[in-house]
Amino acid sequence: MHEDRPAFGQRLAEPGVIEFRPEPLDALVERRLKMVWEARSCPNCGADSLQALDGSDRIWCGRCHWKTTYTRGTPFYDSELTPGEFLIAFVLYADTLLSITQIAALLSPCYKTFHDQIRGVETAFCRGFLTVWERISQTVDGPTQVDETQQVCSGFKRQEPPRESLDRGGSPEGGRTRWTGEQGDEVTLVAACRDVLRVVSAQEGSDYEEDLAPVIEDADDLPQELGEVWTDGLPAYQGMDYDHQYVVHDDGYVSDQGVHTNQAECLWSLVQPWLAKFRGLSKQGLEQAARTYGFLRSLNLTGAPIHSLVDCIAVNAFR
Ligand SMILES: [Zn+2]
């Protein structure tokens, strides 16, 4: 068995093999962000007189002459990476099985802060998703399927944690976001799937007797009502005290195969190999990563345009 040998796909991710041309995406991000600036009022004088200057990064108030750059307040601001490279990095991170180290090697020979930047984009994406989702999809319909799966935090089982994370030296793979929780801490991921919408939450412990409250609270933030909740009919979910809008079907509605939760089960079959690329995450890291995957999957399932990613990442900068 030589399962540790790199696959062809991984070898393509070695430095210098693949080169990106981020310019079209740079232009897309610039157009998108400038459009948003022009639609808002001046944060200094309140006038509707902000202009994006062509051929320049400048945003300019025609009344009070306040000025800024179009990336201000977004994760794109003041980064070693161009906005297009940032977008490529985020898509490779969130939508492929490439590790952050591999992506960093593809995009930037000097990636001291790359890991933190990706996490920053991810945080912004998760925060902005709900706002953007409200704009792009109003057609979510049908019952909400809920299912759970167990994950182990910082899963360096029978394995030394990476050296960098011990000395917290700030190396790209090391430290802060890895190896924080206790090794072997268990977390239960709970997914709520409705139509094309995927919301993933995490609860501590492998014991989800608690309830579905966290995922339902999350889903309450969504512009659409959850509708009926379908679960796989495990005893833990039965006899729970839901608001009247949430109905857990009794066994009469549940098939033996649990067909009704197949959206959630399909999601897990995609999330689990994706989470495996981190080779261990803290509870917070795990929760955020799984949440990211759910939201990105929702965008993919709706066929959302790529600029909706830009919107998710940047929307909160303009509030
Ligand atoms: Zn002004």
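Structure: see above.
The shown structure was predicted, so the numbers you read here are calculated from the model rather than taken from an experiment.

## Points about the overall build of the chain
- A count of helical and extended segments in the chain gives 10 helices and 7 strands.
- Within the span of the chain, comprising 319 residues, buried residues form 47% of the whole.
- Summarising the internal contacts of the chain: among those between residues at least 6 apart in sequence, 67% fall at separations of at least 24.

## Re the pattern of salt bridges
- One pass over the full model with this rule turns up 3 salt bridges.
- Here Glu 30 makes a salt bridge to Lys 34, at a shortest N to O gap of 2.7 Å. Remark: Lys 34 and Glu 30 occur in helix H2 (residues 23–38); sequence separation between them is 4 residues, near one turn of the helix.
- With its nearest N and O atoms 2.8 Å apart, the salt bridge here joins Arg 32 to Asp 311. With Arg 32 in helix H2 and Asp 311 in helix H10 (residues 307–314), this pair connects stretches of sequence that are 279 residues apart. The pair Arg 32 / Asp 311 is uniform in exposure class, with both members buried.

## Considering the sheet that holds strand E2 (residues 58–61)
- The strand order across the open sheet built from 3 strands is E1-E2-E3, with neighbouring strands paired in antiparallel fashion. Because the sheet does not close on itself, it has two edges, and the strands there are strand E1 (50–52) and strand E3 (67–69). Strand-to-strand, the axes of this sheet are offset by a mean angle of 25°, without reference to chain direction.
- Note: E2 against E3, 3 bridges, orientation antiparallel. From the neighbouring strand, Ile 59 faces E3, where its bridge partner is Thr 68.
- In this fold H2 packs onto E1, E2 and E3, with an angle of close to 165° to the strand it touches most, E1.

## A look at helix H4 (residues 100–107)
- Counting buried positions over the 8 residues of H4 gives 6, a clear majority of the element.
- When we look at burial in H4, the residues that qualify are Ile 100, Gln 102, Ile 103, Ala 104, Leu 106 and Leu 107.
- Buried residues belonging to H4 abut helix H1 (8–12), helix H3 (83–95) and helix H5 (114–136).

## Concerning the coordination of the zinc ion
- Those donors, Cys 42 (SG), Cys 45 (SG), Cys 61 (SG) and Cys 64 (SG), are the protein atoms that reach the zinc ion, and they lie 2.2 to 2.3 Å from it.
- Coordination at the zinc ion is tetrahedral, judged from the 4 donor atoms that bind it and the angles of 107 to 112° they form at the metal.
- Read in sequence order, the donor residues coordinating the zinc ion give the pattern C-x2-C-x15-C-x2-C.

## Let's talk about the pairing of strand E5 (residues 186–194)
- Buried residues dominate E5, accounting for 8 of its 9 residues.
- Across 8 bridges, E5 lies against strand E6 (residues 197–204) in antiparallel orientation. Looking at the pairing, Ala 191 lines up with Val 200 of E6.
- Between E5 and E6, which pair antiparallel in sequence order, lie 2 residues; one of them, Asp 195, sits at a positive phi of approximately 55°.

## Remarks on the packing of H2 against H10
- For the pair H2 and H10, the least separation of the axes is 10 Å and the interaxial angle reads 55°. With respect to H10, the element H2 is oriented oblique. The way H2 lies across H10 gives a crossing that is right-handed. Two secondary-structure elements touch here, H2 through Leu 28, Val 29, Arg 32 and Leu 33 and H10 through His 307, Val 310, Asp 311 and Ala 314.

## Concerning a nonpolar patch on the surface
- A cluster of nonpolar side chains, namely Leu 12, Val 17 and Ile 18, defines an oily patch on the protein surface of about 240 Å² accessible area.
- Secondary-structure assignment places Leu 12 in helix H1.

## Quick word on H3
- The first and last C-alpha atoms of H3 sit 18 Å apart over 13 residues, in line with the 18 Å expected at 1.5 Å per residue.
- For H3, the buried fraction is high: 11 of the 13 residues fall into the buried class.
- Residues of H3 that are buried: Pro 83, Gly 84, Glu 85, Phe 86, Leu 87, Ile 88, Ala 89, Phe 90, Leu 92, Tyr 93 and Ala 94.
- On the buried face of H3, the contacting elements are H2, H4, H5, helix H8 (262–276), helix H9 (283–302) and H10.

## Considerations on the side chain of Arg 198
- For Arg 198, the position within the fold is in strand E6.
- A distance of 2.7 Å separates a polar atom in the side chain of Arg 198 from the backbone oxygen of Asp 195.
- In this view, Arg 198 contacts Ala 192, Cys 193, Gln 263, Leu 267, Gly 294, Phe 295, Arg 297, Ser 298 and Leu 301; residues no more than four positions away in its chain are not counted.

Conventions we followed
For every chain, the first residue of the written sequence is number 1, and numbering continues from 1 along that sequence. Only residues with pLDDT of at least 70 are given local features in this predicted model, and only at 80 or more are side-chain atom pairs given and counted; all residues enter the totals for whole chains, interfaces and linings. Only hydrogens and water are removed before side-chain values are computed, so all heavy atoms of the structure are retained for them. Think of it this way: any DSSP run of H or I at least four residues long counts as a helix, any run of E at least two long counts as a strand, and we number them from the N terminus. With a 1.4 Å probe rolled over the protein chains alone, any residue whose accessible area is under 20% of its type maximum counts as buried; one over 50% counts as exposed, and the rest are partly exposed. Residue contacts are defined here by distance: any two heavy atoms, one from each residue, within 4.5 Å place the two residues in contact. We define a salt bridge as a side-chain nitrogen of Lys or Arg found within 4 Å of a carboxyl oxygen belonging to Asp or Glu. Pairs of strands are assigned from DSSP output, requiring at least two bridges between the strands. Axes, fitted as lines to C-alpha atoms, cover a helix only where it is in contact. Angles between the N-to-C directions of the axes lie from 0 to 180 degrees. Metal-coordinating donors are taken as N, O and S atoms lying within 2.8 Å of the metal, or within 3.2 Å when the metal is Na, K or Ca; because water is left out, some sites can appear incomplete. In this scheme the shape depends on donor count and angles: four donors with every angle between 85 and 135 degrees give tetrahedral, four or six donors with opposite pairs above 155 degrees and others between 65 and 115 give square planar or octahedral in turn, and any other case is irregular. Convention used here: angles under 35 degrees read as roughly parallel, angles over 145 as roughly antiparallel, angles from 65 to 115 as roughly perpendicular, and any remaining angle as oblique. Crossing chirality is assigned from the near helix's rotation relative to the far helix, an anticlockwise turn below a right angle marking it left-handed and a clockwise turn marking it right-handed. Each patch is built from residues that are more than 30% exposed by relative accessible area and take part in no salt bridge. Like charges join if they lie within 9 Å; nonpolar side chains (Val, Leu, Ile, Met, Phe, Trp, Tyr) join within 5 Å. Surface accessibility follows the Shrake-Rupley procedure with a 1.4 Å probe radius. Residue values consider only the protein chains on display as shielding. Helix span, as expected, comes to 1.5 Å for every residue beyond the first. Identification of polar contacts relies on pairs of N or O atoms within 3.5 Å, with a donor-acceptor requirement for protein atoms, meaning one able to donate a hydrogen and the other able to accept it, and with residues adjacent in sequence counted only if both atoms are side-chain atoms.

By themselves, these are just geometric observations and shouldn't be taken as functional.
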